[in-house]
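One-letter residues, chain by chain:
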Amino acid sequence: MPEALSTAKTIDEMKAQFARLQMLSRKQPINDWGTRETQLDNLEVMLSDNQESFAKAISADFGYRSQSETQFAELFPSFTGISHAKKHGKKWMKTYRAPISPPIYARSQ
């Protein structure tokens with residue numbers, strides 16, 4: 001597993017991190033289910049551990065926003081999406097034959 005990215009504080013640091021992520025995506029463009037599930041688990045832990053920090057940052061951005069509103073509007077959908085992806089992700093990754101419609105098939109001939 002590659003080392004975690006640190007928080008970029010400058011544009012140059014952000015560009016360097018983007019270049020690193022781009023290089024990694026070219027090296028292994030498709031992760032297996034185990035890697036993806038681990039990444040989802042890590043994301044879930046990171047969100048859970050930092051709920052208060054996210055709420056404070058979002059409140060500062062809006063001028064004021066209650067922590068419960070942030071949990072409902074921002075965090076709950078994220079946790080729900082992670083849970084849904086963990087439940088269905090392995091199935092979504094299965095390969096399958098996709099049908100080609102006649103007009104597209106005719107153009108490829």
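Residue numbers here run from 1 along each chain, matching the order of that chain's written sequence. Only residues with pLDDT of at least 70 are given local features in this predicted model, and only at 80 or more are side-chain atom pairs given and counted; all residues enter the totals for whole chains, interfaces and linings. Processing note: side-chain calculations cover all non-hydrogen atoms of the structure and skip hydrogens and water entirely.

S.K.: Just to check I follow, could you spell out the pattern of salt bridges for this structure?
M.R.: Here, a salt bridge means any side-chain nitrogen of Lys or Arg that lies within 4 Å of a carboxyl oxygen of Asp or Glu. A full pass over the atoms with the stated rule returns 5 salt bridges. The closest approach of N and O atoms between Glu 52 and Lys 56, which form a salt bridge, is 3.2 Å. Of the two residues, Glu 52 and Lys 56 both sit in helix H3 (residues 51–62), 4 residues apart, roughly one turn of that helix. Where salt bridges share partners, they join Asp 41, Glu 44 and Lys 86 into one cluster. Each helix is a run of DSSP H or I of at least 4 residues and each strand a run of E of at least 2, with the numbering of both proceeding from the N terminus.

S.K.: Would you mind showing me how to read the nonpolar core here?
M.R.: A general trend in soluble globular proteins is that nonpolar side chains are found buried together. The nonpolar core is taken to be a set of buried Ala, Val, Leu, Ile, Met, Phe, Trp, Tyr and Cys residues, with the residues joined through side-chain atoms within 4.5 Å. Three labels apply to residues, based on accessible area from a 1.4 Å probe with only protein chains included: buried if under 20% of the type maximum, exposed if over 50%, partly exposed otherwise in between. Membership of the largest hydrophobic core is limited to 6 residues, which are Trp 33, Leu 40, Leu 47, Leu 75, Ile 82 and Ala 85. For this core, the secondary-structure elements that each account for two or more residues are helix H2 (33–49) and helix H4 (67–92).

S.K.: Is there a simple way to think about the environment of Ser 53 in this case?
M.R.: Here Ser 53 is to be found in helix H3. Separated by 14 residues in sequence, Ser 53 and Gln 67 place their C-alpha atoms 9.9 Å apart.

S.K.: What is the right way to read the packing of aromatic side chains from this model?
M.R.: Each pair of aromatic rings is reported with the distance of its centres and the angle of its planes. Pairs were defined over the aromatic rings of Phe, Tyr and Trp, the Trp ring being its six-membered one, requiring ring centres within 6.5 Å. Orientation was assigned from the angle between planes: stacked under 30 degrees, edge-to-face over 60, tilted for the rest. Going through the model one piece at a time under the given rule, you end up with 0 aromatic pairs. By definition here, charges over rings are those cases where NZ of Lys or CZ of Arg is within 6 Å of the ring centre and within 35 degrees of the ring normal. Its end group placed over the ring of Phe 62, Arg 65 keeps NZ or CZ at 4.8 Å from the ring centre.

S.K.: Hey, could you run me through the confidence of the model for the protein in this one?
M.R.: Detailed conclusions should not be drawn from predicted coordinates in areas where pLDDT is low. The score called pLDDT rates the predictor's confidence residue by residue, from a low of 0 to a high of 100. Considering every residue of the protein, the mean pLDDT works out to 87; 90% of them sit at 70 or more. Of all the helices and strands in the protein, helix H5 (residues 102–108) carries the lowest mean pLDDT, 65, while H2 carries the highest, 95.

S.K.: Before we go on, may I ask you to explain the side chain of Ser 59 in this structure?
M.R.: Of note, Ser 59 is situated in helix H3. Those residues within four positions of Ser 59 in sequence are excluded, and the remaining contacts are Tyr 64 and Arg 65. Two residues qualify as a contact provided that any one of their heavy atoms is within 4.5 Å of a heavy atom in the partner residue.

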